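# Structural description and commentary
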Amino acid sequence: EFKKKETVPLRVLVDGNKLYITQVGQIAVADLNGKIETDWGKEGRALGSFRYPNGILVGKIGKFGKSILISDSNNNSVQIFSIKKGKPILKAYLGKPPKSLKDTDLKFGLPMGATLDDQGRIYIVDAFNHSVRILDNDGNDIAELGKQGSADGRYHYPTDITYISGNRFIVADKWNDRIQICELNPGEVKKSK
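Residues numbered from 1 in each chain as written. Predicted model: local features only at pLDDT ≥ 70, side-chain atom pairs only at ≥ 80, totals over all residues. Heavy atoms only, no water.

## Examining the side chain of Arg11
- Mapped onto the elements, Arg11 comes out in strand β1 (residues 11–15).
- Since its relative accessible area comes to 19%, Arg11 is described here as buried.
- At 3.4 Å, the side chain of Arg11 and the backbone oxygen of Thr159 are in polar contact.
- Look past the residues within four positions of Arg11 in its chain and what remains in contact with it is Tyr20, Ile21, Thr22, Pro53, Asn54, Gly55, Ile56, Met112, Gly113, Thr159 and Asp160. (Helix = DSSP H or I, 4+ residues; strand = E, 2+ residues; numbered from the N terminus. Buried < 20%, exposed > 50% of the residue type's maximum accessible area, 1.4 Å probe, protein only. Polar contact = N/O pair within 3.5 Å; in protein donor to acceptor, adjacent residues only side chain to side chain. Contact = heavy atoms within 4.5 Å.)

## Points about the nonpolar core
- Residues Tyr123, Val132, Ile161 and Leu184 are the most contacted members of the largest nonpolar core, which totals 16 residues.
- Within the residue set of this core, elements represented by two or more residues are β10 (122–126), β11 (131–135), β12 (141–145), β13 (158–165) and β14 (168–173).
- Sequence-distant contacts of Tyr123, that is, excluding residues within four places in its chain, are made with Gly113, Ala114, Thr115, Asp117, Val132, Arg133, Ile134, Ile161, Phe169, Leu184 and Pro186.
- By size, the runner-up hydrophobic cluster in this structure holds 14 residues, among which are Leu57, Val78, Ala114 and Ile122. (Core = buried A, V, L, I, M, F, W, Y, C linked by side-chain atoms within 4.5 Å.)

## Topic: the pairing of β11
- Counting buried positions over the five residues of β11 gives five, a clear majority of the element.
- Side chains Ser131, Arg133 and Leu135 project from β11 onto one buried face, and the interleaved Val132 and Ile134 project onto a second face that is buried too.
- Pairing between β11 and β12: four bridges, direction antiparallel. For Val132, the partnering residue across the bridge sits in β12 and is Leu145.
- Taking the residues that link successive antiparallel strands as the turn, the β11-β12 hairpin has five residues, and the phi of Gly139 there is positive, at about 90°. (Pairing = 2+ DSSP bridges.)

Written as C-alpha cells, this is what we have:
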C-alpha cells in the first residue's frame, strides 16, 4: 500500500516475480500479489525525490548491474538505483530540475518512457524535444534522434518506447495519434547536446 493513497500509479512494470510501481513522489517494489516489499522517495526536486516519475525500466545497466531507471518528467531528470538488502541506492543522476519555466539549460525537455536494447543501451523518449535520447550502458550520452513532425521517423510529443529486436523499436507518438515501428541506429544519429 502506498503512503499517498490519494494518488494513482503512473507506471507499472513487471520484471520476473516483481512488480514496480511509480506514483507522484514515490517508487515501490511489490510481489506479484501486490504486497509492497520496499518503497522510497518523496515529492521534491532533491536526489532520491520525484515529481512525476513517468518512465521506469529494470535491467542490467552497464557498470551499475541490475538496476532500476526512473525518468522523472517534471524534474527533467533520470535517476538510476540498485536495491541492496531492500534499500535503494542512488547510482547515477542525469539532468537537473528546472529553476524556472524559462530555464533552457536542460539535458531533457520532458523525459518519459524508457527501454534497453540487447546491447544494454538506454533509450528515453523526450516529449518536449520530440526525440529519442540514446545513452550507453553506463548512462553516458551517445546521441539523440528525431525532430518534431508527422512524417515517418518524426515525433509529436512521444510518450513511450519499447525495444523489439536488432535496431527496431516501437514508439508511442501521442499527438500524431499513432505508434511507429522505427529503426534506431545510434551510430547514424546526431550527437545530443
